[in-house]
Amino acid sequence: MSTPRGPAVRAAHLKDDLWAIDRLGCAAAVRARLRPDTVAAIEQALRTDHLPVALNAELAEAVFAEAGEAGLRRWGTASFLHSLDGFFKPLFQGLTRLLSPSPSLLFKTFPQGWLTTYRDCGHVEVTNPKAGLTRLTIRELPPELRGSHYLTAVCGTLESAFSFSKYQGRVTLEPRSPDAPLASWLVEWRPND
């Protein structure tokens, strides 16, 4: 398969996204909203191929239309956790071998994960304004990834950190102009009671 020019996403991520759609309870309705050539392109691609990021946005729009914001978050979490069985497994095995890694430590891997997954889609900065608070900011987002539904799904991806740590928390997409090339998420977290 030829590599698309411009912003692209690794096919492995889109394959995990398709897998996660089937876990939502409304998979048939979500898949009915997708263009047949979108599904075919994802299914036929090698996991190491890159595909246009517009496919990622199309998936997010379809999930939101059938499952709403809560569904987007569940979808983002399920997709990321499924990816740990393959593509991201070596990275997270190393981190989770540490004794109870904090969310701030886990979120430090997000910039590298972003660059591994996306091409020409901006860069990520991670800051920790205070204890129990982490901000992740992506600058130079391509237009295809600026939609609120895609960005809300990223909340679920980030919240997956609480699935394998001794912490709980919530991720919020910070207010932004609808077409801004910048997006940021605020993660508030604390140890489990």
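Further up the page is the structure itself.
These numbers come from a predicted model, not from an experiment. (Residues numbered from 1 in each chain as written. Predicted model: local features only at pLDDT ≥ 70, side-chain atom pairs only at ≥ 80, totals over all residues. Heavy atoms only, no water.)

When you look at the packing of aromatic side chains in this model, what are you seeing that I'm missing?
Given two aromatic rings, their pairing is described by the distance between the two centres and the angle made by the two planes. All told, the structure shown has four aromatic pairs when counted by the stated rule. Judged by centre distance (6.5 Å) and plane angle (85°), the rings of Y118 and Y150 are edge-to-face. Placement of the pair is Y118 in strand β3 (residues 118-119) and Y150 in helix α8 (residues 148-159), with a sequence separation of 32 residues. An aromatic cluster is built from F110, W114, Y118 and Y150, whose rings are joined through pairwise contacts. (Phe/Tyr/Trp six-rings, centres within 6.5 Å; stacked < 30°, edge-to-face > 60°. Helix = DSSP H or I, 4+ residues; strand = E, 2+ residues; numbered from the N terminus.)

Would you mind going over the sheet that holds strand β4 (residues 123-130) with me for this structure?
Think of a sheet as strands paired side by side through backbone hydrogen bonds, with each pair either parallel or antiparallel. If you trace the four strands from one edge of the open sheet to the other, you get β4-β5-β7-β6, paired in antiparallel fashion. Edge strands, defined here as strands with exactly one partner in the open sheet, are β4 and β6 (167-173). Direction aside, the axes of adjacent strands within the sheet are offset by 20° on average. Two elements, strand β5 (residues 133-139) and strand β7 (residues 182-191), share seven bridges in a ladder whose sense is antiparallel. Across the sheet, the residue bridging to R135 is L186, located in β7. (Pairing = 2+ DSSP bridges. Axes fitted to C-alpha atoms, helices over the stretch in contact; angles between N-to-C directions.)

What's the story with the pattern of salt bridges in this structure? I'm lost.
Two side chains bearing opposite charge may form a pair once their charged atoms approach each other closely. Here the structure, examined in full by the defined rule, presents 13 salt bridges. E43 serves as the salt-bridge partner of R31, at 3.9 Å between the closest nitrogen and oxygen. Taken together, the residues span a long stretch of sequence, with R31 in helix α2 (residues 27-33) and E43 in helix α3 (residues 36-44) at a distance of twelve residues. Take E43: its relative accessible area is 47%, and that puts it in the partly exposed class. (Salt bridge = Lys/Arg side-chain N within 4 Å of Asp/Glu carboxyl O. Buried < 20%, exposed > 50% of the residue type's maximum accessible area, 1.4 Å probe, protein only.)

How should helix α1 (residues 11-21) be read in this particular structure?
An α-helix turns once per 3.6 residues; consequently, residues spaced three or four apart project the same way. For α1, the buried fraction is high: ten of the eleven residues fall into the buried class. For α1, the full list of buried residues reads A11, A12, H13, L14, K15, D16, D17, L18, A20 and I21.

Would you explain the pairing of β7 in this entry?
As judged from the seven bridges shared by β6 and β7, these two strands associate in the antiparallel manner. By the bridge assignment, R170 is partnered in β7 with E188.

What is the right way to look at the sheet that holds β3 in this model?
The three strands lie next to each other as β2-β1-β3, forming an open sheet whose pairing is antiparallel. Each edge of the open sheet carries a strand with a single partner, namely β2 (50-52) and β3. Pairing geometry for strand β1 (residues 8-10) and β2, over three bridges, is antiparallel. Along β2, the bridge assignment pairs V9 with L51. Where α1 meets the sheet, it contacts β1, β2 and β3, and its direction lies at approximately 70° from that of β1. (Contact = heavy atoms within 4.5 Å.)

Please clarify how the state of the cysteines should be interpreted in this entry.
The bond known as a disulfide is covalent and runs between the sulfur atoms of two cysteines. Scanning all chains against the criterion turns up zero disulfides. No disulfide involves C26; its sulfur sits 18 Å from that of C155, the nearest cysteine. The thiol of C155 is unpaired, and the distance to the nearest cysteine sulfur, on C121, comes to 18 Å. The class of C155 is buried, set by a relative accessible area of 1%. (Disulfide = S-S within 2.5 Å.)

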